Amino acid sequence: MAEVTYREALRRALDEELDRDERVFLMGEEIGRFEGSYKVTAGLWAKYGPKRVRETPISEEGFVGAGIGAAMLGLRPVVEIMTINFILVAQDMVVNHAAKIRYMFGGKVGVPMVIRTPAGAGAQLTAQHSQSLEVWFAHVPGLKVAAPSNPRDAYGLLKTAIRDDDPVLFVENLVLYNVTGSIPEPADDFTVPLGRADVARQGTDLTIVAHSYTVRRALSVADRLAQSGIEAEVIDLRSLRPLDVDTVVESVRKTNRVLIAEEGWATFGVGAELAARIGRACFDDLDAPPERVGGAEVPMPYSKPLELAALVLEDKLEAAARSLLAESGLGGAG
């Protein structure tokens, strides 16, 4: 096992898939000579050349469309959008074309492409560059959406996404790029399946469900609760479409309580979808209604104190967890 950053795990996955399959190529702004805004593509242009690592103009709609066309003709493009906020100008290409072509062509033509993009807040990048919009795309049939929380899953899920025959939006939280963790050696050909959540921590008293960077906050809160004798189980969704509801339901039936956390806005969010499904599947198992926590429903402020107030930080998560535990009558919630 190699200890690497989240950024390096992604780079290795790209390198190995470029080497494994000559149909794979990369497209995006400044991903070649400059090696990408976040250095995920470092060294790949020099190794594979401009045919396999293609720099594009600042025209997301144009190069996402070009990627779709290439995928329809048998290639496997990995398109990098500098930030998920910029994907909005390519929304028509993603939602009306990439997601629908297989259906509209009766399955005769597919779009095996990956769109990689960072999301999230916490770096004072202001309202137009600090959004978590992955749930918008998880809403769309025909798209798959991955949001790994650690280097191992980022490595394995990206390899799976590149090999998938459908379009995959691959969301990388900005704050995760320098997080370190272990990944398997290339000889293992390690992959992580889409649509299978991970039980990141075992527990018996409360289930906390999250994805992307919020998983790390959830694990931190679980450690705090353990100091009060409360054992929280943490479920890392890993992908939002397909959504592994079965793993969540199994956990909630064990703990009888669930808190769903996401960095994005809670209204119409991931937590809303899960709460509805949990409410039906676990109606007789719940000791309290499902609780949801999301980011403050405002454009993200630039001011650091206001940005911190808007984020789903550990204190906010812990308060919600303890309130839920108290509501359900579990001792030690104070």
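Below or above, wherever it landed, is the structure these notes cover. (Residues numbered from 1 in each chain as written. Predicted model: local features only at pLDDT ≥ 70, side-chain atom pairs only at ≥ 80, totals over all residues. Heavy atoms only, no water.)

A closer look at the overall build of the chain
When its secondary structure is counted, the chain shows 12 helices and 14 strands. Here the chain has a C-alpha radius of gyration of 20 Å; the compact-globule value for 334 residues is 20 Å, and the two agree. Across its three principal axes, the chain shows a C-alpha extent of roughly 60 × 45 × 40 Å. Every one of the 334 residues in the chain was classed for burial, and the buried ones make up 56%. Counting only carbon and sulfur atoms, one obtains 53% of the accessible surface of the chain, whose full area is about 13,900 Å². (Helix = DSSP H or I, 4+ residues; strand = E, 2+ residues; numbered from the N terminus. Rg over C-alpha atoms; globule rule 2.2 N^0.38 Å. Buried < 20%, exposed > 50% of the residue type's maximum accessible area, 1.4 Å probe, protein only. Areas by Shrake-Rupley, 256 points an atom, 1.4 Å probe, with all protein chains shown as cover.)

Some points on helix H10 (residues 270–281)
The terminal C-alpha atoms of H10, which comprises 12 residues, lie 17 Å apart, in line with the 16 Å expected from a rise of 1.5 Å per residue. Turning to H10, its buried residues are Val270, Gly271, Leu274, Ala275 and Ile278. For H10, the angular spread of buried residues about the axis comes to 120°, placing them on one side. In this structure, the buried residues of H10 make contact with helix H6 (134–138), strand E10 (206–210), strand E12 (239–241), helix H9 (245–255), strand E13 (258–265) and strand E14 (291–295). (Expected span 1.5 Å × (residues − 1). Arc of directions from axis to C-beta. Contact = heavy atoms within 4.5 Å.)

Quick word on the sheet that holds E10
Judged by pairing direction, the sheet is mixed, and its 5 strands sit side by side in the order E9-E11-E10-E13-E14 without closing on themselves. Both edges of this open sheet fall to strand E9 (198–201) and E14, since each of them pairs with a single strand only. On average, each strand axis in the sheet is tilted by 25° relative to the strand beside it, whichever way the strands run. Looking at chain direction, E10 and E13 are connected through 3 bridges and run parallel. Bridge pairing links Thr207 to Val258 in E13. (Pairing = 2+ DSSP bridges. Axes fitted to C-alpha atoms, helices over the stretch in contact; angles between N-to-C directions.)

Considerations on the environment of Gly69
Looking at the secondary structure, you find Gly69 in helix H3 (residues 60–72). Using a relative accessible area of 27% as the deciding quantity, one classes Gly69 as partly exposed. For the pair Gly69 and Ala98, spaced 29 residues apart in the sequence, the C-alpha separation amounts to 9.3 Å.

Quick word on the pairing of strand E2 (residues 24–28)
Within E2, 5 of the 5 residues are buried, leaving the element largely enclosed by the surrounding structure. What you see with E2 is no split at all: Val24, Leu26 and Gly28 on one side and Phe25 and Met27 on the other are buried throughout. Two strands pair when backbone bridges link them, and E2 and strand E4 (residues 76–80) are joined in this way by 5 bridges, in the parallel orientation. In the sheet register, Val24 faces E4, and the bridge partner there is Arg76.

What about the packing of helix H1 (residues 6–20) against helix H7 (residues 151–163)?
The interhelical angle for the contact between H1 and H7, taken along N-to-C directions, is 30°, at an axis separation of 8 Å. By the angle class used here, H1 and H7 are roughly parallel. As for the relative orientation of H1 and H7, their crossing is right-handed in sense. Residue-level inspection shows Tyr6, Ala9, Leu10, Arg12, Ala13, Leu14, Glu16, Glu17 and Arg20 of H1 in contact with H7, the latter providing Pro151, Ala154, Tyr155, Leu158, Lys159, Ile162 and Arg163. For the contact of H1 with H7, the residue count by class is 10 nonpolar, no polar and 6 charged. (Parallel < 35°, antiparallel > 145°, perpendicular 65-115°, else oblique. Left-handed = near helix turned anticlockwise from the far one by under 90°. Nonpolar A, V, L, I, M, F, W, Y, C, P; charged D, E, K, R; others polar.)

Remarks on the sheet that holds E12
Spatially, 7 strands are ordered E3-E2-E4-E5-E7-E6-E12 in an open sheet, and the strand pairing comes out mixed. Only two strands of the sheet have a single partner each, and these edge strands are strand E3 (53–55) and E12. With strand direction ignored, the average angle separating the axes of adjacent strands in the sheet is 20°. With 3 bridges joining them, strand E6 (residues 144–146) and strand E7 (residues 168–173) adopt parallel strand pairing. The residue of E7 that forms the bridge with Ala146 is Phe170.

Looking at the side chain of Glu60
The residue Glu60 is located in helix H3 in this model. Buried charged residue Glu60 carries no salt bridge. Nearest counter-charge: Arg116, at 13 Å. Once you skip the residues sitting within four places of it in the chain, Glu60 turns out to touch Glu29, Ile81, Phe86, Val89 and Ala90. (Lys, Arg positive; Asp, Glu negative; His and termini not counted. Salt bridge = Lys/Arg side-chain N within 4 Å of Asp/Glu carboxyl O.)

Re the packing of H9 against H10
Relative placement of two packed helices is described by the angle separating their axes and the distance separating the axes. Interhelical geometry of H9 versus H10 gives an angle of 55° and a closest axis separation of 10 Å. Taken as axis vectors, H9 and H10 run oblique relative to one another. The element H9 and its partner H10 pack so that their crossing is right-handed. Residue-level inspection shows Val245, Val248, Val249, Val252 and Arg253 of H9 in contact with H10, the latter providing Leu274, Arg277, Ile278 and Ala281. Looking at side-chain class alone, the contact of H9 with H10 contains 7 nonpolar, no polar and 2 charged residues.

A short note on the side chain of Arg238
Relative to the helices and strands, Arg238 is located in the loop between strand E11 (232–236) and E12. Owing to a relative accessible area of 7%, Arg238 belongs among the buried residues under this scheme. A distance of 3.1 Å separates polar atoms of two side chains, one belonging to Arg238 and the other to Asp153. Once residues lying within four places of it in the same chain are set aside, the contact partners of Arg238 are Ala146, Ala147, Pro148, Asp153, Leu157, Val192, Arg196, Ala197 and Asp198. (Polar contact = N/O pair within 3.5 Å; in protein donor to acceptor, adjacent residues only side chain to side chain.)

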